[in-house]
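Fold and contact review
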Amino acid sequence: MNQNQIILVVFSVVVTLLLAFDIRSLFKFKEHEVSTKNSIRWTAIWILTAMAFSGFVFYEKGFEKFSQFQSAYWIEQSLSVDNLFVFLMVFKYFKVTGKAQHKILLWGILGAMALRAVFIFAGTWLIKITYLPAFWKFTLGPDQVGGEGFHRINLIMTIFGIMLLYGGIKALFSTEDDDHQDFSNSFGARFVRKYFRVLTKDASDSFWIKRNGKVFFTRLFMVLFIVETTDLIFAIDSIPAIFSIAPDDPLILYTSNIFAIFGLRSMYFLLANSLDKFEKLKYGISVILAFIGFKMLIAPVYHIETIVSLGVILGTLLV
């Protein structure tokens, strides 16, 4: 097996074990709130698992791929935290508590895994076929191989860069408040009510029930659909952002992305129990988005090293 196949096999084994543990823990979960201490413990476990896997990437493919994994992981991790704020408001709005939150988050993660695979592999293919003709020639330095090369602009990466730069600047000065958002009128809720038979007042822990030989979907199913569509919207930011790190390596992007979203369940309960401590995070996320957008726009004429990007991302989150 080559290096990519070995990494894929190890990734598949680890993810399968994590999924099995997640599903098992869901059946054991009782109706009580998750403590901050327990949330911190499991958040740390998921992060350490990702760090261990990045160490395996370093062993197999070297420091550059290790840096790419780390950068893509922390970008997705930081943007996912922003996503969790919305999940928190959705659950609060629909009064979803206890085991039902765990169930929705688990299925939300499974849905995100499938969506991320489609977006990342399709995006990598699109990037490969959307390079514009070279617009000027340049001479490489004496320590670089190749002698001469060309600056090439990629249409998709440029569009992504503009989106992220604009989104970062807009988010930095945004005054929108999710606390007052009407989630019952969101796209996901309207779609479910239009195309499914929904019992919006049913408070069961099932996604559907049978009555008089007919299947009816429950309020919990509508909340799951809202969570999935919300994640789809957030992916419009996070997926373009990680393409700035390794646009030609979908394996690194996908594995780092999945490890990041795997810790979302435990991180959600940490956020729910410590909401006041994360009130400034949106500014850090805005700065990260703007930086990544800027990096993508100047990439044809100046390449910001992956290790520099990693330093900016971690430094911003730390601040």
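Cut-off values and rules
- One numbering rule holds for all chains: residues counted from 1, following each sequence as written.
- Owing to the predicted nature of the model, reporting of local features is limited to residues with pLDDT of at least 70; listing and counting of side-chain atom pairs is limited to 80 or more, with chain, interface and lining totals taken over all residues.
- Based on all heavy atoms of the structure, the side-chain values leave hydrogens and waters out of the count.
- Salt bridges, as used here, are contacts in which a Lys or Arg side-chain nitrogen is within 4 Å of a carboxyl oxygen on Asp or Glu.
- Numbering goes from the N terminus for both helices and strands, where a helix is a DSSP run of H or I of at least four residues and a strand is a run of E of at least two.
- Partly exposed residues are those whose accessible area sits between 20% and 50% of the maximum for their type, while under 20% is buried and over 50% is exposed, using a 1.4 Å probe and protein chains only.
- A helix's residues, less one, multiplied by 1.5 Å, set its expected span.
- What the arc measures is the spread of directions leading from the helix axis to the C-beta atoms.
- As used in this structure description, the phrase polar contact means that two N or O atoms lie within 3.5 Å; if the pair is within protein, one of them must be able to donate a hydrogen and the other to accept it, and residues adjacent in sequence are counted only when both atoms belong to side chains.
- In this analysis, rings of Phe, Tyr and Trp, with Trp reduced to its six-membered ring, are considered paired at centre separations within 6.5 Å, and the interplanar angle assigns stacked below 30 degrees, edge-to-face beyond 60, and tilted for intermediate values.
- Contacts are residue-level and defined by heavy atoms, with any inter-residue pair within 4.5 Å sufficient.
- pLDDT gives the predictor's per-residue confidence on a scale running from 0 to 100.
- Only residues whose relative accessible area exceeds 30% and that form no salt bridge are eligible for patches; like-charged ones are grouped when within 9 Å, while nonpolar side chains (Val, Leu, Ile, Met, Phe, Trp, Tyr) are grouped when within 5 Å.
- Only the protein chains shown count as cover for residues, with accessible areas throughout obtained via the Shrake-Rupley method and a probe of 1.4 Å.
- Paired strands are those between which DSSP finds at least two bridges.
- Cavity means a closed set of points on a 1 Å grid over the protein atoms alone, one where a 1.4 Å probe fits but cannot get out, pocket means an open set with protein on both sides within 12 Å along at least 5 of 7 lines, and lining means a residue has an atom within 4 Å of a point.
- Grid points are joined across faces, edges and corners, and a volume is the space filled by probe spheres set on the points.
- Residues are sorted three ways: Asp, Glu, Lys and Arg are charged, Ala, Val, Leu, Ile, Met, Phe, Trp, Tyr, Cys and Pro are nonpolar, and all the rest, Gly among them, are polar.

**Regarding the pattern of salt bridges**
- Taken as a whole, this structure holds three salt bridges when the rule is applied.
- We note a salt bridge from Lys-65 to Asp-249, for which the minimum N-O separation is 2.8 Å. One end of the pair, Lys-65, is in helix H3 (residues 63-94); the other, Asp-249, is in the loop between helix H7 (219-243) and helix H8 (250-262), and 184 residues separate them in sequence.
- Given a relative accessible area of 17%, Lys-65 falls into the buried group.
- Across the salt bridge formed by Arg-116 and Glu-76, the nearest N and O atoms sit 3.0 Å from each other.

**Observations concerning helix H5 (residues 155-172)**
- Its 18 residues place the ends of H5 26 Å apart at the C-alpha level, agreeing with the 26 Å of an ideal helix rising 1.5 Å per residue.
- Every buried residue belonging to H5 is among Ile-156, Met-157, Phe-160, Gly-161, Leu-164, Gly-167 and Gly-168, and all of these are buried. Across the axial projection of H5, the buried residues extend over an arc of 140°, all falling on one side.
- The N-terminus of H5 is capped by Asn-154, whose side-chain oxygen sits 3.1 Å from the backbone nitrogen of Ile-156.

**Side note on the packing of aromatic side chains**
- Enumeration according to the criterion identifies 24 aromatic pairs in this entry.
- Judged by centre distance (6.0 Å) and plane angle (70°), the ring pair of Phe-11 and Tyr-254 falls under edge-to-face. Highlighted residues: Phe-11 in helix H1 (residues 3-28) and Tyr-254 in helix H8, separated in sequence by 243 residues. Accessibility classification places Phe-11 together with Tyr-254 in one group, the buried group.
- Measuring from centroid to centroid gives 5.7 Å for Phe-58 and Phe-66, while their planes differ by 70°, and the two rings are edge-to-face.

**Some points on the environment of Asp-82**
- Inspection of the secondary structure puts Asp-82 in helix H3.
- Judged by relative accessible area, Asp-82 falls into the partly exposed class, the value being 26%.
- Distance in space between the C-alpha atoms of Asp-82 and Phe-234 is 8.8 Å, their sequence separation being 152 residues.
- With near-sequence residues (within four places) excluded, Asp-82 lies in contact with Phe-234 and Ile-285.

**Some words on the confidence of the model for the protein**
- Across the protein, pLDDT averages 81, with 85% of residues at or above 70.
- By mean pLDDT, strand E1 (residues 136-139) is the weakest element of the protein at 53, and H8 is the strongest at 90.
- Scored below 50 in pLDDT, residues 140-148 shows nine contacts in the model against residues more than four places distant or in partner chains.

**A closer look at a nonpolar patch on the surface**
- Together, Leu-132, Leu-155, Ile-159, Met-163, Ile-233 and Ile-236 line one region of the surface with nonpolar side chains, adding up to about 510 Å² of accessible area.
- Mapped by element, the contributors of at least two residues to the nonpolar patch are H5 and H7.
- If one sorts the elements of the nonpolar patch by residue count, H5 sits on top with three residues.
- Its place among the elements puts Ile-233 in helix H7.
- Residue classification places Ile-233 among the exposed residues on the basis of a relative accessible area of 55%.

**Regarding the sheet that holds strand E5 (residues 214-218)**
- Read across the sheet, three strands follow the order E3-E5-E4 without closing on themselves; strand pairing throughout is mixed. Bordering the open sheet on either side are strand E3 (198-199) and strand E4 (208-211), each of which pairs with just one other strand.
- Where E3 meets E5, two bridges bridge the pair, whose relative direction is parallel. By the bridge assignment for E5, Leu-199 is matched with Thr-218.

**Focus on the pairing of E4**
- As paired strands, E4 and E5 are joined by four bridges and run antiparallel to one another. Bridge pairing in E5 links Ile-209 to Phe-216.
- Between E4 and E5, which pair antiparallel in sequence order, lie two residues; one of them, Asn-212, sits at a positive phi of approximately 55°.

**Topic: empty space enclosed by the protein**
- In total, this model carries two cavities of 30 Å³ or more according to the counting rule given.
- By volume, the largest cavity amounts to about 90 Å³.
- Lining of the largest cavity is provided by Phe-87, Ile-104, Leu-105, Gly-108, Ile-109, Ala-112, Val-227, Glu-228, Asp-231, Ile-261 and Leu-264.
- With five residues, the top contributor of residues to the lining of the largest cavity is helix H4 (residues 98-129).
- Tallied by class, the residues present in the lining of the largest cavity amount to eight nonpolar, one polar and two charged.
- Around the second largest cavity, the lining residues are Glu-76, Leu-79, Ser-80, Asn-83, Arg-116, Phe-234, Ala-235 and Ser-238.
- The set of elements that each furnish at least two residues to the lining of the second largest cavity consists of H3 and H7.

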